Amino acid sequence: TASYSAGAGGSTVYSVDITWGSMEFTYREGPSPTWDPETHTSGQGGTGGWSNSGNTITVTNHSNTKVTAKLAYTPETGYDKISGSFDKSEMNLATAVDTPVASAPTDTAALTLSGTLASTVKDSTKIGTITVTIR
């Protein structure tokens, strides 16, 4: 005699790659107003701003279910005047089922900083934390 019993089925397997850029930022103060001795006035000063090297986070889904990656930036104590925002604060990635590994669902978000950094900060210093939450 023989009988067939269906298995319980596969369970959900989560496998996500997160690739970080170098997350190196530089704040440059804008040029000071220029004195014009002929008109006895100051010209407009420039505005400061942030430049970056590697400000992206890439999330790739190799799971057998869809996933959502939420991104958040939190400033370190003492750097509360600097805020960070992502061009995508949430990435919704489809399941990787039936996709070639090289074509796994992937998305990338970029971090932008705003605010000013004190001129006393000369060395590369941790100014914030990035949290990636997968659900």
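Scoring rules and cut-offs
- Residues numbered from 1 in each chain as written.
- Predicted model: local features only at pLDDT ≥ 70, side-chain atom pairs only at ≥ 80, totals over all residues.
- Heavy atoms only, no water.
- Helix = DSSP H or I, 4+ residues; strand = E, 2+ residues; numbered from the N terminus.
- Buried < 20%, exposed > 50% of the residue type's maximum accessible area, 1.4 Å probe, protein only.
- Areas by Shrake-Rupley, 256 points an atom, 1.4 Å probe, with all protein chains shown as cover.
- Polar contact = N/O pair within 3.5 Å; in protein donor to acceptor, adjacent residues only side chain to side chain.
- Contact = heavy atoms within 4.5 Å.
- Pairing = 2+ DSSP bridges.
- Axes fitted to C-alpha atoms, helices over the stretch in contact; angles between N-to-C directions.
- Salt bridge = Lys/Arg side-chain N within 4 Å of Asp/Glu carboxyl O.

1. A look at the overall build of the chain
Counting secondary structure elements, the chain contains zero helices and 11 strands. Along the chain direction, N to C, the helices and strands of the chain fall in the order β-β-β-β-β-β-β-β-β-β-β. Evaluated residue by residue, the chain yields a buried proportion of 23% over its 135 residues. Taken as a whole, the chain presents about 9300 Å² of accessible surface, with 48% of it coming from carbon and sulfur.

2. Points about the side chain of Asn61
Along the chain, the position of Asn61 falls in strand 6 (residues 56-61). In terms of polar contacts, Asn61 uses its side chain to reach the side chain of Ser63, at 2.7 Å. In this structure, Asn61 is in contact with Ser15, Val16, Lys66, Val67, Leu93, Ala94, Thr95, Ala96, Ala104 and Pro105, ignoring residues within four places of it in sequence.

3. Structural notes on the sheet that holds strand 7 (residues 67-75)
Pairing within the open sheet is antiparallel, and its three strands lie in the order 9-7-11. Here the strands that pair on one side only, and so sit at the sheet edges, are strand 9 (90-93) and strand 11 (128-134). Ignoring strand direction, the axes of neighbouring strands in this sheet form an average angle of 15°. Sheet topology note: the strand 7/strand 11 ladder contains seven bridges and is antiparallel. Directly across from Thr74, in strand 11, lies its bridge partner Thr129.

4. Details of the pattern of salt bridges
The final tally for this structure, using the stated rule, is four salt bridges. Two residues, Glu76 and Lys126, come together in a salt bridge whose shortest N-O distance is 3.7 Å. Taken together, the residues Glu76 in the loop between strand 7 and strand 8 (83-86) and Lys126 in the loop between strand 10 (106-114) and strand 11 connect sequence positions 50 residues apart. Taken together, the shared-partner salt bridges connect Lys70, Glu90 and Arg135 into one network.

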